[in-house]
Amino acid sequence: MLSYALRRIIYTAPVLLGVAVVCFALVHLAPGDPLISILPADASVELEERLRALYGFDRSYVEQFFLWLGRALQGDLGTSIASGRPVTTEVFRAVGNTLTLAAVATLIGFVLGCLFGFVAGYFANSPADKAASAAAVFGVSVPHYWLGMVLVIIFSAQLGWLPATGAGPGGSAQWRFDAEHLSYMILPALTMSVIPMGIIARTVRALVADILAQEFVIGLRARGLSEFGVFLHVVKNTAPTALAVMGVQLGYLLGGSILIETVFSWPGTGLLLNSAIFQRDLPLLQGTILVLALFFVILNLVVDVLQTALDPRIRR
Amino acid sequence: MVDATQTATAPLDPVAAPVRSEGYWRSVWRRLRRDKVAMTAGGVLLFILSLAVFAPWIAPQDPLHGTMLMRLRPIGTEGHILGTDELGRDMLSRLIWGGRLSLLMGVTPVIFAFFIGSAIGITAGYAGGIVNTLIMRTVDVFYAFPSVLLAVALSGALGAGLGNALLSLTVVFIPPIARVAESVTTRLRSSDFIEAARASGASALTIVRVHVLGNVLGPIFVYATSLIAVSMILASGLSFLGLGVRPPNPEWGLMLNTLRTAIYVQPWVAALPGMMIFAVSISFNLLSDGLRSAMEVRA
Amino acid sequence: MSPPDTSRADSARPLNGAGEALLTVRGLKKYFPIRGGILNRAVKRVHAVDDVDLEVMRGETLGVVGESGCGKSTTARLLMELIEPDEGELIFDGCKVGSRELPLKEYRRQVQMVFQDSYSSLNPRLTIEDSIAFGAQVHGTPKREALARTHDLLARVGLDPARFAGRYPHELSGGQRQRVNIARALALRPRVIILDEAVSALDKSVEAQVLNLLTDLKAEFGLTYVFISHDLNVVRFVSDRVLVMYLGKVVELGEAERVYTHPQHPYTAALLSSMPSMDPDHRTEEPPLAGDPPNPIDPPTGCRFHTRCPSIRPFCATREPPLADVERDHAVACHARVPASGYHDDAAAVPDPEKITA
C-alpha cells in the first residue's frame, strides 16, 4: 500500500513536468512577439532590448523554460501585465472562491447523484429508474452556462428572490460564510452541481444494479438479512468508487468553472482567466492554468491513493 | 452439446454458394432501429442537421441583417415567430443558420480526434512495451488538465477564431479517445485469434487492418459519439466566452453571449440558443447510449 | 511461394520416434518478469521454460504433459515464435529459424497452432471462410483461390461449406469452432501442427470426434503433431512419444507406451498414479503427490522436484540432474535413475505406480 502510494507519487512527477512544459508552451503558442503585449507602443529600441533581456526572451526556449520553472518552484509566477501585481497573489486570491464554489457544488451533486443513482439502481427499469436516469442524462447533456442563465432568468429576473451575479453584497470579492454571501452562492452552486450530479448518478446506478444482481446479495437475502442490512452492504460496495468519482469531479469543476463564473461574475479563477485572455495578460493566463492543473493532478493522486486504501479489491 | 457435423451424408459440395449470416453492423442497426429513444434522438439530430444544411432555403429572413426598430421583440411577434435579437435580427433565421457553425464546431473536432486518437491509441495498444509507455505517458500529460480548462487555455493563447477553436477542441479530445483506443486494443491483443494471425506470418500492419480495426473501431466510435455531446457544449462555450466564432456570424453559443444582457428584457428569447445546444447535446448522448447497448449484445 | 507438396510424400511415413528430427529445440529458456517495488522494476522472474531441449520427429505425435503452470503452453508459444525466447534456438528441417534460409514468415507457414479456447481464437467480426482464408492471403494466394481452398478444407474437417462458410463464430458450437480452427491451421499446408489443449475444452463425445478427425488428417496430410494436454488418457491415446514437464523443465521423454507402463521419473510415476482408473478394482487410494507444485517464481534449487519427491536424497537439493538416457529412446532427469550421477539407486527408490494403485 505504502509502496503503491510512493510509486504513484513518483509517477506523478513526469506528468507534472509535462504540465509545466504545456503551460510554458502556451505563452509561446500565442501568435506574435510576447514582448508586444508588455511594451508601450512608443517604446524605444533600447527599452525593448532591455526588457527582452529582463524577461529572458533573448535566450533559447530550453533556457527560458528552466528559468521559468525555477522561479515557479519558488512561488514566483511572474507579474500580471494588466494589474502589475504578482500572478501568485492574484491566483491564490481567486482560487479560494473557486474552491468554495466547486466544493459546495460537488457536495450537492454528490448527494443528488447518489440519491438518483440508488433509486435508479434499486428499482431498475421502473418508472423511478427512468426518471432518475433522465435526470442523469440531463446533467451530462445540459450546457451548464445556459442553465445558469435560465436560473438567473427565473430566480433573479422573474421572481427576484436571489442575486444574479457576484459573490456578495457590494461587489464583495471574497466569499464569507454568512446569510448574505450564501444567497449569492445558491444559483452558481446549483448550476455547477448538475455535472457531477449526472455523472455520479450514472456511476452509482450502474454499481448498485451490478451489486444487487450478484450472487452474494442473493445469498444474503436467502439467509434472511433485512432489506436495510442488504442496503448497508450495497453502500459499502458502492462508496469507494462513488467517492473517487466525486473527487475527480471536484477537480474538473475547479478547472471547468470558467463558463459558470463568467455567467455569474463569480470572482474566482475562471473570471481571472477570462480577463487574462481578453487583456492578453499571458503571465496571468499561464500562472492560473498552471495552478489549476496542479490542483487537478494532486487531487487525482489523492483520490487514487485513497480509493486504493478503501477498496480491498484493488491491490497494491 | 452434440456436435452434429460429422455426418456421413452426401458428398459435400465445396463450390455451392454458402449461406450468408447477418453481419455485425447490420445486426447492430436492426437492434438500434427497435430502440425508440435512440431513434427519436437520431430523428431530432437529422432534423436539426437538415435545417442547417438547407438554411438558405428554409430560413425566412436574412440572419445578418435586422432593424434596430424591431430589436428584442418577444416570441410570437408577427413576422418573427421566435422574436428578434438585440440588433433586431430574426431569431428563427439565426437559429437555423446558427446550426451550421455550431454543428461544424461541435462535430469536426471529434471526427479529427477520432482518427488521430484512434491511430495513436491503437499503435500504443498493439505495439505495447516501451512504445506504449512513451505514448500513454504523453497522453497523461494532457489528461492532467480538465477538458474545459485545456480548451480555454489553448484557444485563449492562440487567440479567438473558428480555426483556433477547432484546433484546441481537437487537441482536447485526442487524449480521451487515445486512452479508450489503447485500452480496447490492449485487451484485444492477447486474444488467441491475434496470436493465430501472427502465427500465420502476417505483418503487424495486416493484422491491425484485418483483425484489430474491425473489433476496436466500434467501441471507440461509440465513445466518440458521446464525446460529441461534450464537444457541442464546449464549442459553444468557447464562442460564449468570445473565443470561437466572431460576430456577426450566427452561432448558438455566441448568440447566447450577446443576448446575455437582454435577460431582463426578453428572457425567453435570450434562452433560445441554449435550447438548441441542449437538444443536440442530449440527442447525441441518447443516440450514443442506444448505440452502445445495440453493440453490446455479443462480444 | 515454394511448391507446397514436395516434402509431403516423405513426411507421410508413419514413424514411431525412430525417424529423423523435423524440429529441434536447443536450450530454450523463457523467464517472465514480475514487476513490483516503487520503481516497477522487474524484481522477480517466473521461470516458465528453463533450458528445454527436445526433438520432434518427422511424422510423429509428440505428447506433452504436466500440471498446469509447468510451462506447456509457454513452450507451445515459443515453438510458434509467438513469444520471443530469452535463450535458445529452433532448427526446422535442418535450417535455423529466423536465418536467411528459413525466415520467420516461411517457418510459420510450416508450423501452425490450434489453441484451447475455440471462441477467442476466431475473430468474431470475420466469417468462418474469411478467418480460414486469411493466412493463405497473407502468403500471397489470390482471394478466389484461397476461398476455394477454404471450402475444400471445411468439407475436409466435416463442416458443410454451404452451411458454414458464411457464418460467424458465435453461431457455431464449440466442436464446430474447433474444426474451423483446425481447418485454419491446415490452410497454409503446414508440416507441423501444435495442438495446445486443443480438445480440452470440448465435451467428451465431441472430443472423441475431433481426436478421430485429427488422426485422419494426420494420415491424409502427412502431418507431425505436438500434442499438449493435461489429460493423460488422451495423450496416451494419440502420442507416439511423450514428454513430461515439471516447473519449466523436461523430466522425462520417451516412447509413449513405455513411459506409461514403466515411468522412470518419480514425478511421472506420481502423475500417472493420480490418473483416475477405468477399472473399479484399481482405485487410487491416496494422493501420491503432496501439496501444490512449488512457485515457479522461486523454483527449488537442484532437482526441482525434490520438495515433493518420495525418494529424496540430500544430493538432490543442490545438484540439478541432467536429462539422460536410461534405455533406448527413453530419457529421464533424475539422479536416482541415471547411473552416471553416482547416486544411482535401485528400483525401490521410485515407487512403482502399479504398487501404489493396487
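Note that the coordinates shown come from a computational prediction; the quantities given were computed from them, not determined experimentally.

## Some thoughts on the overall build of chain C
Then step 1. Looking only at helices and strands, chain C features twelve helices and twelve strands.
Then step 2. Here chain C holds 358 residues, and the buried ones make up 59% of them.
Then step 3. Only carbon and sulfur atoms are counted for the fraction: they give 50% of the accessible area of chain C, which is about 15,200 Å².

## Examining the interface of chain B and chain A
Where interface size is given, it is often the accessible area lost as the parts come together that is meant.
Then step 1. Contacts between the two partners involve 42 residues from chain B, matched on the other side by 47 residues from chain A.
Then step 2. Taken together, the two surfaces of chain B and chain A that pack against each other cover about 3,800 Å², and 79% of this comes from carbon and sulfur.
Then step 3. Inspection of the chain B/chain A interface yields one salt bridge.
Then step 4. Across the chain B-chain A interface, the total number found is seven residue pairs in polar contact (both at pLDDT 80 or more).
Then step 5. By residue number, the principal contributor to the side of chain B that touches chain A is helix H11 (residues 267-296) of chain B, which donates 13 residues.
Then step 6. Here the side of chain B that touches chain A is composed, by residue class, of 30 nonpolar, nine polar and three charged.

## Some thoughts on the packing of aromatic side chains
Residue and element names in this part refer to chain A.
Then step 1. Here the structure, examined in full by the defined rule, presents 21 aromatic pairs over all chains.
Then step 2. Relative to Phe231, the ring of Phe118 lies with its centre 5.5 Å away and its plane at 55 degrees, an arrangement referred to as tilted. One end of the pair, Phe118, is in helix H4 (residues 87-122); the other, Phe231, is in helix H9 (residues 227-256), with 113 residues separating them in the sequence.
Then step 3. Classification of Phe118 as buried rests on a relative accessible area of 16%.
Then step 4. For Phe231, a relative accessible area of 30% puts it in the partly exposed group.

## Comments concerning helix H3 (residues 61-73) of chain A
All names here are of chain A.
Then step 1. Compared with the 18 Å implied by 1.5 Å per residue over 13 residues, the 18 Å span of H3 between its first and last C-alpha is a close match.
Then step 2. Of all the residues in H3, the buried ones are Gln64, Phe65, Trp68, Leu69 and Ala72. Viewed end-on, H3 has its buried residues packed into an arc of 130 degrees, placing them on one side of the element. Across from the buried face of H3, at angles greater than 90 degrees, the exposed residues are Val62, Phe66 and Leu73.

## Here we look at the sheet that holds strand S3 (residues 61-65) of chain C
Pairing between the strands of a sheet comes from backbone hydrogen bonds, and it takes one of two forms, parallel or antiparallel.
Residues and elements named next belong to chain C.
Then step 1. Reading across from one edge, S6-S7-S8-S3-S9-S10-S12-S11 is the order of the eight strands in this open sheet, with mixed pairing throughout. Here the strands that pair on one side only, and so sit at the sheet edges, are strand S6 (111-114) and strand S11 (324-327). Across the sheet, the mean angle from the axis of one strand to that of its neighbour is 25 degrees, orientation sign disregarded.
Then step 2. Across the face of the sheet, helix H8 (residues 204-221) comes into contact with S3, strand S7 (192-196) and strand S8 (224-228) while running at roughly 155 degrees to S8.

## Here we look at the pattern of salt bridges
Then step 1. In the structure shown here, the tally under the stated rule is 34 salt bridges over all chains.
Then step 2. We note a salt bridge from Asp289 of chain B to Arg202 of chain A, for which the minimum N-O separation is 3.1 Å. Here Asp289 of chain B, found in helix H11, pairs with Arg202 of chain A, found in helix H7 (residues 179-212), and the two come from separate chains.
Then step 3. When its relative accessible area of 26% is taken as the criterion, Asp289 of chain B is described as partly exposed.
Then step 4. For Glu89 of chain C, the salt bridge goes to Lys96 of chain C, with nearest N and O atoms at 3.8 Å.
Then step 5. Glu89 of chain C sits in the partly exposed class, given a relative accessible area of 25%.

## Observations regarding the environment of Gly117 of chain B
All names here are of chain B.
Then step 1. Positionally, Gly117 belongs in helix H4 (residues 91-127).
Then step 2. Remark: the alpha-carbon pair of Gly117 and Pro175, spanning 58 residues in sequence, is separated by 6.6 Å.
Then step 3. Here Gly117 is in contact with Ile174, Ile177, Ala178 and Ala181, once residues within four sequence places are set aside.

## Details of helix H6 (residues 147-158) of chain B
Every α-helix winds through 3.6 residues per turn, so residues three or four apart in the chain are directed the same way.
Residue and element names in this part refer to chain B.
Then step 1. Between its terminal C-alpha atoms H6 stretches 16 Å, which fits the 16 Å expected from twelve residues at 1.5 Å a residue.
Then step 2. Most of H6 sits inside the fold, with eleven of its twelve residues counted as buried.
Then step 3. Every buried residue belonging to H6 is among Val148, Leu149, Leu150, Ala151, Val152, Ala153, Leu154, Ser155, Gly156, Ala157 and Leu158, and all of these are buried.
Then step 4. One or two residues past the end of H6 sits Gly159, with phi positive at roughly 105 degrees.

## Regarding unusual backbone geometry
Then step 1. Here the bond from Pro247 of chain B into Pro248 of chain B is cis, since omega is 5 degrees, no more than 30 degrees from zero.
Then step 2. Structurally, Pro248 of chain B is set in the loop between helix H9 (204-240) and helix H10 (252-258).
Then step 3. Positive phi, close to 60 degrees, is recorded for Asp51 of chain C, a residue that is not glycine.
Then step 4. Tracing the backbone shows Asp51 of chain C in strand S2 (residues 41-57).
Then step 5. We classify Asp51 of chain C as partly exposed; its relative accessible area is 39%.

## Concerning the nonpolar core
Most often, soluble globular proteins keep nonpolar side chains buried together rather than apart.
Then step 1. Residues Val19, Tyr145 and Ile289 of chain A together with Phe145, Val212 and Trp252 of chain B are the most contacted members of the largest nonpolar core, which totals 135 residues.
Then step 2. With 15 residues, the top contributor of residues to this core is H9 of chain B.

## So, the packing of H4 of chain A against H9 of chain A
Residues and elements named next belong to chain A.
Then step 1. Put simply, H4 and H9 touch, their axes get as near as 9 Å, and they point 145 degrees apart. Judged by the twist between their axes, the crossing of H4 over H9 is right-handed. Residue-level inspection shows Thr98, Leu99, Ala102, Ala103, Ala105, Thr106, Phe110, Phe118 and Tyr122 of H4 in contact with H9, the latter providing Glu227, Val230, Phe231, Val234, Val235, Thr238, Ala242, Leu243, Met246, Leu250, Leu253 and Leu254.
Then step 2. The residue makeup of the contact of H4 with H9, split by class, is 17 nonpolar, three polar and one charged.

## As for the packing of H4 of chain B against helix H7 (residues 162-189) of chain B
The packing of two helices is summarised by the inter-axis angle and the distance between the axes.
Residue and element names in this part refer to chain B.
Then step 1. Contact pair H4 / H7: the axes reach a minimum separation of 5 Å and the direction vectors enclose 35 degrees. For the crossing formed where H4 meets H7, the hand is right-handed.
Then step 2. Each residue belonging to the contact of H4 with H7 can be placed in one class, and the counts come to 23 nonpolar, eight polar and two charged.

## Let's talk about the state of the cysteines
Residues and elements named next belong to chain C.
Then step 1. Per the counting criterion, the structure on display carries zero disulfides over all chains.
Then step 2. Free cysteine: Cys70, not disulfide-bonded; nearest cysteine sulfur from Cys303 at 15 Å.
Then step 3. Taking the relative accessible area as the measure of exposure, Cys70 reaches 3% and is therefore buried.

Reading the values: rules and limits
- Residues numbered from 1 in each chain as written.
- Chains lettered and ligands numbered in written order.
- Predicted model: local features only at pLDDT ≥ 70, side-chain atom pairs only at ≥ 80, totals over all residues.
- Heavy atoms only, no water.
- Helix = DSSP H or I, 4+ residues; strand = E, 2+ residues; numbered from the N terminus.
- Buried < 20%, exposed > 50% of the residue type's maximum accessible area, 1.4 Å probe, protein only.
- Areas by Shrake-Rupley, 256 points an atom, 1.4 Å probe, with all protein chains shown as cover.
- Contact = heavy atoms within 4.5 Å.
- Buried area = accessible area lost by both parts, 1.4 Å probe.
- Salt bridge = Lys/Arg side-chain N within 4 Å of Asp/Glu carboxyl O.
- Polar contact = N/O pair within 3.5 Å; in protein donor to acceptor, adjacent residues only side chain to side chain.
- Nonpolar A, V, L, I, M, F, W, Y, C, P; charged D, E, K, R; others polar.
- Phe/Tyr/Trp six-rings, centres within 6.5 Å; stacked < 30°, edge-to-face > 60°.
- Expected span 1.5 Å × (residues − 1).
- Arc of directions from axis to C-beta.
- Pairing = 2+ DSSP bridges.
- Axes fitted to C-alpha atoms, helices over the stretch in contact; angles between N-to-C directions.
- Core = buried A, V, L, I, M, F, W, Y, C linked by side-chain atoms within 4.5 Å.
- Left-handed = near helix turned anticlockwise from the far one by under 90°.
- Disulfide = S-S within 2.5 Å.

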